[in-house]
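Fold and contact review
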Amino acid sequence: MTSAVDTPADAARPTPPSALAAVARAPGRIRYALLAVAVVAALWLPNGLYPAVAVDILCWALFAVSVDLLLGFTGLMSFGHAAFWGTSAYVTGLVAIHAGLPFPVAVLVGALASAALAVPIGHLAVKRTGIYFAMVTLAFAQMVYYVANEWRSVTRGENGLQGVPRSLFGLDLTDDYYFYYAILPIVAFGLAAAWRIVHSPFGRVLVGIRDNPARARALGYPVHRYKLTAFVLSGFLAGLGGGLFALGHRFVSLDVLHWTTSGKAVIVVVLGGIGTLWGGVLGAGIVVRLEDWLSFSGFEAIGLVTGGIFVLVVLLFRRGIWGSAALVLRRLAARRR
Amino acid sequence: MTGFLQNTFNGLVSGAFYALLALGLAVIFGMLRVVNFAHGAFYMLGAFGAYVLLSEAGVPFWAALVVMPVALGLLGMALERAVIHRLTRLDPLYNFLLTFGLTLILQDLVKNRYGVQSSPYATPAELSGSLDLGLFDFPTYRVFILGFTVLLCVAVWWVLSRTRVGLVVRAATERPELTRAFGIDVGRWVTPVFGFGIGLAGLAGVLAAPMRAVNPLMGADLIIVVFAVVVIGGLGSIFGSVAAGFGIGLVQAWGEAYLSDFPIVSQTAVFVVMAVVLLWRPAGLFGREEAPA
């Protein structure tokens, strides 16, 4: 997504430069109303859904936002984000099991481990762009998967890490309902951080690099270093989600590192809307809820549904939910003027 | 010395599979700018198709070796016309996602029908046993795979470099706009080339059936390694992709033989090589530089 501006590929690009900008230009009232709706929805969620599903949605929301930070705002499609999600899941699980620290500390350690892993992988991957970047990140994630699979003494191989505790100063968080509210501030922090990154001068440079890397370079921005920084920040956010996911399930298996997990994260973002940040949160809610419903109703071939979503979204709905909504909003605003 | 030659031979045989898959990926990428994630799924369908044909209809290996690639090639052409075609003018990432979705669907269709356990496929009688190659005995079937693959690669090279069709495909690969300006209908070749690439994947699958475990997941893990292979070789270069395929086969076989205490080494060798290539020649060993970014 980094080719020069006037190629046909970019002319047909589904994402407007920033769908968020449409909302940003809309009267301030809409933004505050949306924020209020989001806060109410987040506070209500475990009352309307199974709390365990609500916890999953929060984790996947962070994961999706971390992928969108790269895909939507830096123009890099990471197809290997399971490496960071999964690494943090394992590290968080191990720290929680062996060190008995409060769970937010365990998650922080896990996310930092993911960020550390993102440094070498990002350093190598940002040397390529576009489709190559996707292939390189996918390949490195597979390497991490193989290492975890072989390193049985630590990861317990196929059995996975079991009985990950959720300790927090003696509070009883075994009930998913209370655990949801315990992790909500961490997730809110992660989402706010993503918003802050995107709207900082640093974030504007990233968008500049996405839209025209040659010009960004000509203006004197060290493009590789900006991309690497974005990659590491994204790895940290994905790690935050992955660590919470490990605590949420009290169990870590190799699935967290599998390539299907990376792919699912990307499609959640595309479904929600590339480059919209909050679209990924919506996409996470829909996909997690759908998968839970499918497995609950005894449907076996979840891959058929996930794969079908992929195909349909890519063929027919490339703007995604938030992108489409922003477009409608913008048209309404234009009509009013 | 004999041991070394044996390991080398083994490496070339497993490299042959990488080479066949990488060749198909490279040809398709050249013509359509599509990185086909479903390539591994078609490889799996080739192997599974051969297994189903034999066990349910008694169709022998040799017939499957012709039928499956042709059938899958046609299926590929239908898919290209039906869906992939619609996205080729957009960013290649969309077709990558589309073919990823197709992979999940194809994999689950087979999984639901036949389960995940591996099925054995008997080596054809003519190719069972072993051949005395002077220095050491080698399973006949593996010798066959290597010879067959090398012949096939040479044939593809010959078609691309010595025939008119090859000329058009190479020209369209390098400069599609200019080729069109010369009055050549590039679009006409897109679908057949896609079908051909898919056919190669199916062929690799049929060849793999007697040698490897036939199961619905056999393609997906392999294709990720093949992605690393084409990053190493340079996806734009057909020769580079094939050479990297054989090279990685060798590296893995040597790693397996001489570092057998560390199984992780041979599994991850391809990714380490990829990392080194990215540091040293980011465009791949035989690739051309992309526009700077």
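Residues numbered from 1 in each chain as written. Chains lettered and ligands numbered in written order. Predicted model: local features only at pLDDT ≥ 70, side-chain atom pairs only at ≥ 80, totals over all residues. Heavy atoms only, no water.

What to know about the overall build of chain B
Basically, it comes down to this: Numbering goes from the N terminus for both helices and strands, where a helix is a DSSP run of H or I of at least four residues and a strand is a run of E of at least two. Radius of gyration here is computed from C-alpha atoms only, and the compact-globule reference equals 2.2 Å multiplied by the residue count raised to the power 0.38. Relative accessible area decides the class of each residue, using a 1.4 Å probe on protein chains only: under 20% of the type maximum gives buried, over 50% gives exposed, and in between gives partly exposed. Should any heavy atoms of two residues lie within 4.5 Å, those residues are counted as being in contact. Each accessible area is a Shrake-Rupley estimate made with a 1.4 Å probe; only the visible protein chains count as cover when residues are assessed.
Check the secondary structure of chain B and you find 11 helices and 2 strands. Going from the N terminus to the C terminus, chain B shows its helices and strands as α-α-α-α-β-β-α-α-α-α-α-α-α. Against the 2.2 N^0.38 benchmark of 19 Å for 293 residues, chain B shows a C-alpha radius of gyration of 19 Å, consistent with a compact globule. Across its three principal directions, the C-alpha atoms of chain B cover 55 × 50 × 35 Å. Within chain B, the fraction of its 293 residues that count as buried is 55%. Nonlocal contacts in chain B, meaning residues at least 24 apart in sequence, comprise 78% of its contacts between residues at least 6 apart. Roughly 12200 Å² of accessible area belongs to chain B as shown, and the carbon and sulfur atoms make up 66% of that amount.

A look at the interface of chain A and chain B
The test is simple: Accessible area, probed at 1.4 Å, shrinks when two parts are joined; the buried area is that loss added up over both. Pairs of N or O atoms are called polar contacts if they sit within 3.5 Å, as long as, within protein, a hydrogen donor faces a hydrogen acceptor (for residues adjacent in sequence, only side-chain-to-side-chain pairs). Residue classes follow a fixed rule: Ala, Val, Leu, Ile, Met, Phe, Trp, Tyr, Cys and Pro count as nonpolar, while Asp, Glu, Lys and Arg count as charged, and any other residue, Gly among them, counts as polar.
Between chain A and chain B, the contact holds 50 residues from the first and 50 residues from the second. In total, chain A and chain B occlude about 4500 Å² of area from one another, counting both sides; carbon and sulfur atoms represent 78% of this. The interface formed by chain A and chain B holds 3 residue pairs in polar contact (both at pLDDT 80 or more) in total. Every element with two or more residues in the side of chain A that touches chain B is listed here: α1 (8-11), α6 (103-125), α7 (130-150), α11 (213-218), α12 (223-249), α13 (259-272) and α15 (302-316) of chain A. It is α7(A) that provides the largest number of residues to the side of chain A that touches chain B, a total of 14 residues. Taken together, the residues of the side of chain A that touches chain B sort by class into 32 nonpolar, 12 polar and 6 charged.

Some thoughts on unusual backbone geometry
The backbone of A:Arg250 shows a phi angle near 55°, a positive value even though the residue is not glycine. Within the secondary structure layout, A:Arg250 lies in the loop between α12 and β2 (251-252). Relative accessible area serves as the criterion here: at 31%, A:Arg250 is assigned to the partly exposed category. We note that B:Arg33 has phi near 60°; this positive angle belongs to a residue other than glycine. Within the fold, B:Arg33 resides in the loop between α1 (2-32) and α2 (39-57). With relative accessibility at 40%, the residue B:Arg33 sits in the partly exposed group.

What about the confidence of the model for chain A?
Put simply, the rule is: Per-residue confidence from the prediction method is given by pLDDT, with values spanning 0 to 100.
Looking at chain A as a whole, the pLDDT averages 83, with 91% of positions reaching at least 70. Within the model, pLDDT remains below 50 along residues 1-16 of chain A, and this stretch shows 33 contacts once partners closer than five positions in the same chain are excluded.

A word on the packing of α7(A) against helix α4 (residues 92-114) of chain B
We apply this condition: Think of each axis as a best-fit line through the C-alpha atoms, taken over the contacting stretch in the case of a helix, with angles from 0 to 180 degrees between the N-to-C directions. Roughly parallel means an angle under 35 degrees; roughly antiparallel means over 145; roughly perpendicular covers 65 to 115; every other angle is labelled oblique. Note on convention: the crossing is left-handed when the near helix lies turned anticlockwise from the far helix by less than a right angle, right-handed when the turn is clockwise.
It is at 8 Å that the axes of α7(A) and α4(B) come closest, and there the two elements cross at 40°. Put simply, α7(A) runs oblique to α4(B). In this structure, the crossing between α7(A) and α4(B) has a hand that is right-handed. The residues of α4(B) that touch α7(A), namely those facing A:Gly130, A:Ile131, A:Ala134, A:Met135 and A:Leu138, are B:Pro92, B:Leu93 and B:Phe96. Among the residues making up the contact of α7(A) with α4(B), the classes are represented as 7 nonpolar, 1 polar and no charged.

Here we look at the nonpolar core
Note the following rule: In these notes, a set of buried Ala, Val, Leu, Ile, Met, Phe, Trp, Tyr and Cys residues joined through side-chain atoms within 4.5 Å is what counts as a nonpolar core.
Among the nonpolar cores identified, the biggest contains 211 residues, and A:Phe79, A:Phe103, A:Leu244 and B:Phe96 are the most heavily contacted of them. No other element matches α1(B), which puts 17 residues into this core.

Examining the environment of B:Ala82
Topologically, B:Ala82 is positioned in helix α3 (residues 61-87). Sequence separation of B:Ala82 and B:Val168 is 86 residues, and the distance between their C-alpha atoms is 24 Å.

Notes on the packing of aromatic side chains
Put simply, the test is: Only the six-membered ring of Trp is used, alongside the rings of Phe and Tyr, when aromatic pairs are assigned; centres must lie within 6.5 Å, and planes under 30 degrees apart are stacked while those over 60 apart are edge-to-face, with the rest tilted. Any Lys NZ or Arg CZ found within 6 Å of a ring centre and within 35 degrees of that ring's normal is scored as a charge over the ring.
Per the stated rule, a full pass over the model turns up 36 aromatic pairs over all chains. Consider the rings of A:Trp60 and A:Phe63, whose centres lie 5.2 Å apart with planes at 55°: the pair is tilted. Here A:Phe63 and A:Trp60 lie together in helix α4 (residues 51-71), a separation of 3 residues that amounts to about one turn. Owing to a relative accessible area of 5%, A:Trp60 belongs among the buried residues under this scheme. Note on A:Phe63: relative accessible area 0%, which makes it buried. With centroids separated by 5.5 Å and ring planes inclined at 75°, the aromatic side chains of B:Phe37 and B:Phe96 adopt a geometry described as edge-to-face. Taken together, the positions of B:Phe37 in the loop between α1 and α2 and B:Phe96 in helix α4 put the pair 59 residues apart, joining distant regions of the chain. For the pair B:Phe37 and B:Phe96, one class covers both residues: buried. Through pairs of rings, three or more aromatic residues link up here, namely A:Phe79, A:Trp259, A:Phe310, B:Phe37, B:Phe96, B:Phe100 and B:Phe227. Of note, A:Arg128 hangs over the ring of A:Tyr132, and the distance from its end group to the ring centre comes to 3.9 Å. Positioned above the aromatic ring of B:Phe17 is the side chain of B:Arg212, whose terminal nitrogen or guanidinium carbon lies 4.4 Å from the ring centre.

Some thoughts on the packing of helix α9 (residues 218-233) of chain B against helix α10 (residues 238-258) of chain B
Residues and elements named next belong to chain B. Contact geometry of α9 with α10 gives a least axis separation of 8 Å together with a crossing angle of 120°. For the element pair α9 / α10, the angle class is oblique. α10 is crossed by α9, and the crossing has right-handed handedness. In contact with Val225, Val229, Val230, Ile232 and Gly233 of α9, α10 contributes Gly240, Ser241, Ala244, Gly245, Ile248 and Gln252. For the contact of α9 with α10, the class distribution of residues is 6 nonpolar, 5 polar and no charged.

Observations regarding α10(B)
Residue and element names in this part refer to chain B. In plain terms, the rule: An expected span of 1.5 Å times one less than the residue number is assigned to each helix.
With 21 residues, α10 extends 31 Å from end C-alpha to end C-alpha; this agrees with the ideal 30 Å at 1.5 Å per step. Elements in contact with the buried residues of α10: α1, α5 (140-162), α9 and α11 (263-280). Here α10 starts with a cap whose side-chain oxygen sits 2.8 Å from the backbone nitrogen of Gly240, and that cap is Ser237.

A look at the side chain of A:Glu291
Residue and element names in this part refer to chain A. Position of Glu291 among the secondary structure elements: in helix α14 (residues 278-296). Residue classification places Glu291 among the buried positions, given a relative accessible area of 18%. If we skip the residues at most four places from it in the chain, Glu291 touches Lys264, Ile302 and Thr306.

Details of the pattern of salt bridges
All names here are of chain A. Threshold: Salt bridges are counted wherever a side-chain nitrogen of Lys or Arg sits within 4 Å of a carboxyl oxygen of Asp or Glu.
Counted under the stated rule, the structure contains 5 salt bridges over all chains. Across the pair Lys264 and Glu291 runs a salt bridge whose closest N-O atoms are separated by 2.7 Å. In this pair, Lys264 is assigned in helix α13 and Glu291 in helix α14, connecting sequence segments 27 residues apart. Glu291 matches Lys264 in its accessibility class, with the two residues each being buried. Put simply, Arg289 and Asp292 hold a salt bridge, and the shortest N to O gap is 3.7 Å. On the criterion of helical spacing, the pair formed by Arg289 and Asp292 is a turn pair, its members being 3 residues apart in helix α14. When its relative accessible area of 23% is taken as the criterion, Asp292 is described as partly exposed.

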